[in-house]
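# Working through the structure, step by step
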Amino acid sequence: MISHVGVLQTKKETGIPLFLFAATILSRIPFRSRVLYHWDSVQYALATEHYDISVHQPHPPGYFIYVMLGKLLNTITRDANTSFVILSILASGALVVAVYALAKRMFNEKTALAASLLAMTSPIVWFHGEVALNYILEGFLSTLTAYYCWRTLTGEKKTIIAASLLLAFATGIRQTMLMFLLPLWILSLVKVPSRYRLYAFALLASGILFWFLPMISLTGGYMKYRQASQEYFTYVIAPVLNSETSTFFYFLKTVVLFTLHGLGLAAAFLLFYFRSRSLKQQKNDLLSLKGLFFVLWTSPPILFYVLVTVTETNPGYSLIYLPAFIILAANALAITVVTNKTLPKWFFKAGISVVLIFNSYMFSYSNSSFTYAFLKTQEEGLDSFVREVRERFSPENTIILARHYVFFGPRHFMYYLPEFRVYIINDKIPKQTIKRNTLWGRHHITYMADGVHIPDGTKYFISPVEINKVNLEAPIPCEQIVSGVVFADGDEFRFCLYDINFAPVLYPEREFAGEEYNAPK
């Protein structure tokens, strides 16, 4: 006969995770993005229609499983943004539950509840649960893989199978996850029998091949995939590495800011830890199994971002390690309350409550590109631009030229104005390399050409200019102001209509050609 206590315990064990999952989902739905948020979002969306890495649908290294999940949902939603946002909302709820489960196993119920609530309201976790990007899935799968690695480390040898399969699956979502989580996965192999280690390696390798081979096939073969990857490194990654801002201190500052934004006010709890624990206790904590576990979970991505590259426009990079810091912050507050006898009993709940309110405010109103306020601004700006262009201009005599703007650029125009020819003007090209081909698109199909080939009958082009950097009156006359956009960081853009003959004046780094094109003298 099952005891009454056992039934209550079972209900509690399932009820709390279900509540956390449902509460997170419900908190995301009202704030979900209605348009594709990021340059990458558009490339994922285009890839659901035609997967081709060579024309960045999506960009290398491929994100195969993520794109295919979106494509599967498209059969129901008939809209790529909706499909990917659904994935993000579900992953956001699953991340909160995974944080709860891992924190409970490593520490206690109190810490687990606090950590899950901190994860639920983390500004970066919340934001990426609203947009069409795969970082929130990376955060969830990172935490779930860590959960099974911890169970393996603490004696459950069979859970290495789940950890291996999860790592293979996660690598198909974002390929960097293999590099970042491999040290943690290897640590979990230390205490398992030899035959389980063989199973783990076999499952990881076969799991990766399961999605890698179809991806190569859709790309057109390994050589085409390799060529696309080399092109991406040469023209996208290398310019970032060689830019004036690509310094150790710039990368370090970016990672620190991402982490602080992700923790919000909970970052203060980590300071509590250092005040409440002696240096000897801190050293013992660091050298313990838990300490080693967190170091191997967080240090690979952080070291990569600080020593190699990270971009300030993608705070989602932090989601692979942010759950670890959220758990540590919750535990730090719990330790502080236990060790400091002068603190009142209500201090723990009060501290968590203040953080929840503050972090919710940060997500809603702070002045950054990862807030609900920014999403609303972007939606309104894009809707206005698309409407103005359609009402006032014809795709028969007007094209769109634009540089690589992440939040409001040529990829967005390709997607939401498919009847117009849109050309991507690349301006971050290393001087020591050969000229990069031009990507352009129409009707949701991306093409690659050796320059900007202007079709017959074209009279005008539309381009964005930054008001604080370019004078609209000189040296290039703006015939009409089409629309304006103000980004969260204060940059103001005006979209202007120009005579087609001024294209090489505005974009001197590109080659233009066309039967009806005559360059101004």
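In this convention, every chain numbers its residues from 1, walking through the sequence in written order. Since the coordinates come from a predicted model, pLDDT governs what is reported: local features require at least 70, and pairs of side-chain atoms require 80 or more to be given and counted, while whole-chain, interface and lining totals use all residues. To get the side-chain values, take all heavy atoms of the structure and skip hydrogens and water.

### Quick look at the pattern of salt bridges
Stated formally: We define a salt bridge as a side-chain nitrogen of Lys or Arg found within 4 Å of a carboxyl oxygen belonging to Asp or Glu. Remark: exposure states derive from per-residue accessible area (1.4 Å probe, protein chains only) relative to the maximum for the residue type, with buried under 20%, exposed over 50%, and partly exposed in between. Helical segments are the DSSP runs of H or I of at least four residues, strand segments are the runs of E of at least two, and each set is numbered from the N terminus.
For the structure shown, the criterion picks out 7 salt bridges. With a closest N to O distance of 3.3 Å, Glu109 and Lys104 form a salt bridge. Under the relative-accessibility criterion, Lys104 is labelled partly exposed at 30%. One salt bridge connects Arg174 with Glu138, and the closest N-O pair in it is separated by 3.4 Å. Of this pair, Arg174 sits in the loop between α8 (159-173) and α9 (176-188) while Glu138 sits in helix α7 (residues 135-153), and the two are 36 residues apart along the sequence.

### What to know about the side chain of Thr48
The cut-off we apply is this: N or O atoms closer than or at 3.5 Å make up a polar contact, with two conditions inside protein: a donor-capable atom paired with an acceptor-capable one, and, for residues adjacent in sequence, both atoms drawn from side chains.
Within the secondary structure, Thr48 sits in helix α2 (residues 39-49). From its side chain, Thr48 meets the backbone oxygen of Ala45 in a polar contact 2.5 Å long.

### Quick word on helix α16 (residues 322-339)
Count 3.6 residues to each turn of an α-helix, and residues three or four apart come out pointing the same way. Cut-off, in case you're wondering: Each helix should span, by expectation, one fewer than its residue count multiplied by 1.5 Å.
In a regular helix each residue adds 1.5 Å, so 18 residues correspond to 26 Å; α16 covers 26 Å between its end C-alpha atoms and thus fits that length. Of all 18 residues making up α16, 14 are buried, and the element is well covered by its neighbours.

### Some remarks on the layout of surface pockets
Where empty space is left in the structure can be found by rolling a water-sized probe over the atoms. Using the following cut-off: The definitions used throughout rest on a 1 Å grid laid over the protein atoms alone, on which a cavity is an enclosed set of points accommodating a 1.4 Å probe that cannot get out and a pocket is an open set flanked by protein within 12 Å on both sides along at least five of seven lines; lining residues are those having an atom within 4 Å of a point. Grid points are joined across faces, edges and corners, and a volume is the space filled by probe spheres set on the points. Residue classes follow a fixed rule: Ala, Val, Leu, Ile, Met, Phe, Trp, Tyr, Cys and Pro count as nonpolar, while Asp, Glu, Lys and Arg count as charged, and any other residue, Gly among them, counts as polar.
The calculated volume of the second largest pocket comes to roughly 580 Å³. As for the second largest pocket, its lining consists of 19 residues, of which Tyr273, Asp285, Leu286, Phe294 and Leu328 are closest to the centre. Here the lining of the second largest pocket is composed, by residue class, of 11 nonpolar, 5 polar and 3 charged.

### Thoughts on the nonpolar core
Spelled out, the test is: Nonpolar core, defined: a set of buried Ala, Val, Leu, Ile, Met, Phe, Trp, Tyr and Cys residues in which side-chain atoms within 4.5 Å join the residues together. Residue contacts are defined here by distance: any two heavy atoms, one from each residue, within 4.5 Å place the two residues in contact.
Leu118, Phe293, Trp297, Phe385 and Ile462 are the most contacted members of the largest nonpolar core, which has 142 residues in total. The leading source of residues in this core is helix α4 (residues 80-106), at 15 residues. Here Phe293 is in contact with Met106, Ala146, Cys149, Trp150, Leu153, Leu184 and Leu187, once residues within four sequence places are set aside. Judged by nonpolar contacts, the second largest core, of 17 residues, contains Val452, Ile454, Tyr498 and Tyr507.

### Regarding the packing of aromatic side chains
Working definition: an aromatic ring pair is given by the centre-to-centre distance plus the angle between the planes. The line we're drawing: Any two of the Phe, Tyr and Trp rings considered here, Trp counted by its six-membered ring, make a pair once their centres fall within 6.5 Å; the pair's planes then place it as stacked at under 30 degrees, edge-to-face at over 60, or tilted in between.
What the rule picks out here adds up to 46 aromatic pairs. An angle of 35° between the planes, with centres 4.8 Å apart, marks the rings of Phe385 and Phe413 as tilted. You can see Phe385 sitting in helix α18 (residues 372-392) and its partner Phe413 sitting in helix α19 (residues 410-416), a full 28 residues away along the chain. Each member of the pair, Phe385 together with Phe413, is buried.

### Details of the confidence of the model for the protein
Using the following cut-off: Per-residue confidence from the predictor is reported as pLDDT, which spans 0 to 100.
Taken over all residues, the pLDDT of the protein has a mean of 88, while the share at 70 or more is 89%. In the predicted structure, residues 470-474 sits below a pLDDT of 50 and forms 8 contacts with residues beyond four places in sequence or in another chain. With pLDDT under 50 throughout, residues 515-521 is counted as low confidence; its partners more than four residues away or in other chains account for 12 contacts.

### Notes on the environment of Pro61
Note on placement: Pro61 falls in the loop between α2 and α3 (64-77). Put simply, Pro61 and Ser229 are 168 residues apart on the chain and 6.6 Å apart in space, counted from C-alpha to C-alpha. Not counting residues within four places of it along the chain, the set of residues in contact with Pro61 comprises Ile53, Gln175, Met215 and Tyr225.

### Here we look at the packing of α7 against α9
The condition is simple: An axis is simply a line fitted to the C-alpha atoms; with a helix, the fit covers only the stretch in contact. Between two such axes, the angle follows the N-to-C directions and lies from 0 to 180 degrees. Oblique is the label for every angle not falling under 35 degrees (roughly parallel), over 145 degrees (roughly antiparallel), or within 65 to 115 degrees (roughly perpendicular). Crossings are sorted by hand: turned counterclockwise from the far helix by less than a right angle, the near helix makes the crossing left-handed, and turned clockwise it makes it right-handed.
Contact geometry of α7 with α9 gives a least axis separation of 9 Å together with a crossing angle of 15°. Compared by their axis directions, α7 and α9 come out roughly parallel. Of the two possible hands of crossing, α7 and α9 adopt the one that is right-handed. Taking contact as the criterion, the partners of Glu138, Leu141, Ser142, Thr145, Ala146, Cys149, Thr152 and Leu153 in α7 are, on α9, Thr176, Met177, Leu181, Leu184, Trp185, Leu187 and Ser188. Tallied by class, the residues present in the contact of α7 with α9 amount to 9 nonpolar, 5 polar and 1 charged.

### Focus on unusual backbone geometry
The omega torsion across Gln57 and Pro58 is 0°, close enough to zero to call that bond cis. As for its position among the elements, Pro58 is in the loop between α2 and α3. Here the residue pair Pro60 and Pro61 is connected by a cis peptide bond, since its omega of 10° sits within 30 degrees of zero. Within the chain, Tyr63 stands out as a residue other than glycine whose phi angle is a positive 50°. With respect to the helices and strands, the residue Tyr63 is situated in the loop between α2 and α3. Of note in this structure, His444 is not a glycine but carries a positive phi near 65°. Tracing the sequence through the fold places His444 in the loop between β3 (438-442) and β4 (445-449).

### Remarks on the packing of helix α5 (residues 109-121) against helix α17 (residues 347-365)
The N-to-C vectors of α5 and α17 enclose an angle of 15°; their axes lie 9 Å apart at closest approach. When the axis of α5 is compared with that of α17, the two are roughly parallel. Our pair here, α5 against α17, has a crossing hand that is left-handed. Across the interface between the two elements, Lys110, Ala114, Leu117, Leu118 and Thr121 of α5 pack against Phe348, Ile352, Val355, Leu356, Asn359 and Ser360 of α17. Looking at side-chain class alone, the contact of α5 with α17 contains 7 nonpolar, 3 polar and 1 charged residues.

### Let's talk about a nonpolar patch on the surface
Rule in force here: The patches described consist of residues with a relative accessible area above 30% and no salt bridge, like charges being joined within 9 Å and nonpolar side chains (Val, Leu, Ile, Met, Phe, Trp, Tyr) within 5 Å. Using a 1.4 Å probe, accessible areas were evaluated by the Shrake-Rupley method; residue-level cover was limited to the displayed protein chains.
Where nonpolar side chains cluster on the molecular surface, the patch consists of Phe248, Phe249, Leu252, Val256, Leu257, Leu260, Leu303, Leu307 and Val308 and spans about 830 Å² of accessible area. The set of elements that each furnish at least two residues to the nonpolar patch consists of α12 (248-263) and α15 (289-307). Within the secondary structure, Val308 is located in the loop between α15 and α16.

### Describing the side chain of Arg151
You can see Arg151 is positioned in helix α7. We classify Arg151 as buried; its relative accessible area is 16%. Here Glu156 takes part through its side chain, which lies 2.6 Å from a polar atom of the side chain of Arg151. Apart from residues no more than four positions distant in its own chain, Arg151 is found in contact with Arg105, Glu156 and Thr159.

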